[in-house]
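Architecture at a glance
One letter stands for each residue in the lines below.
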Amino acid sequence: MAGKKQKKTRRKQNNTAMLIILVSVLLLLAALLFQENKMQKKIASNKERLQEVELQIQEETQRTQDIREQEEYMQSQEYIEKTAKDKLGLIKDGETIFKEQK
């Protein structure tokens, strides 16, 4: 009888240990799934941010190009002559200015 009682006690202990292991594994699995979900959201957020930054880079690249073109134009003879006429009222030799009467 003592042998049966020991086997029954061991079986209970084994079952309890297996249940504890099973619960532990399930808790770890749940934690991993939660972390995966959290990481997926972070990845999606980072992708969105990356797209925003890439768009900003494109806009700034275009802006830089526009500024360079404006700088080139402002150094041209055409710009200098136009500014001299518009702001200073200067004219080239042989040009005639017509003013509208109000």
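Attention here is on the structure that accompanies the text. (Residues numbered from 1 in each chain as written. Predicted model: local features only at pLDDT ≥ 70, side-chain atom pairs only at ≥ 80, totals over all residues. Heavy atoms only, no water.)

Description of the overall build of the protein
Scanning the protein from N- to C-terminus turns up two helices and zero strands. Relative to the 2.2 N^0.38 estimate, which gives 13 Å for 102 residues, the radius of gyration of the protein is 41 Å and therefore markedly larger than a compact globule would have. Across the 102 residues of the protein, 1% fall into the buried class. Element-wise, carbon and sulfur atoms account for 57% of the exposed surface of the protein, whose accessible area totals about 10600 Å². Mean positive and mean negative side-chain charge positions of the protein (20 and 16 charges, respectively) differ by 35 Å. (Helix = DSSP H or I, 4+ residues; strand = E, 2+ residues; numbered from the N terminus. Rg over C-alpha atoms; globule rule 2.2 N^0.38 Å. Buried < 20%, exposed > 50% of the residue type's maximum accessible area, 1.4 Å probe, protein only. Areas by Shrake-Rupley, 256 points an atom, 1.4 Å probe, with all protein chains shown as cover. Lys, Arg positive; Asp, Glu negative; His and termini not counted. Charge placed at Lys NZ, Arg CZ, Asp CG, Glu CD.)

Quick look at the environment of K47
Considering the arrangement of structural elements, one finds K47 in helix α1 (residues 2-74). Sequence-wise, K47 and L28 are 19 residues apart; in three dimensions their C-alpha atoms are separated by 28 Å.

Looking at a negative patch on the surface
A cluster of acidic side chains, namely D66, E69, E71 and E72, defines a negative patch on the protein surface. Relative to the assigned elements, E71 resides in helix α1. Given a relative accessible area of 47%, E71 falls into the partly exposed group. (Patch = residues over 30% accessible without salt bridge, like charges linked within 9 Å, V, L, I, M, F, W, Y side chains within 5 Å. Salt bridge = Lys/Arg side-chain N within 4 Å of Asp/Glu carboxyl O.)

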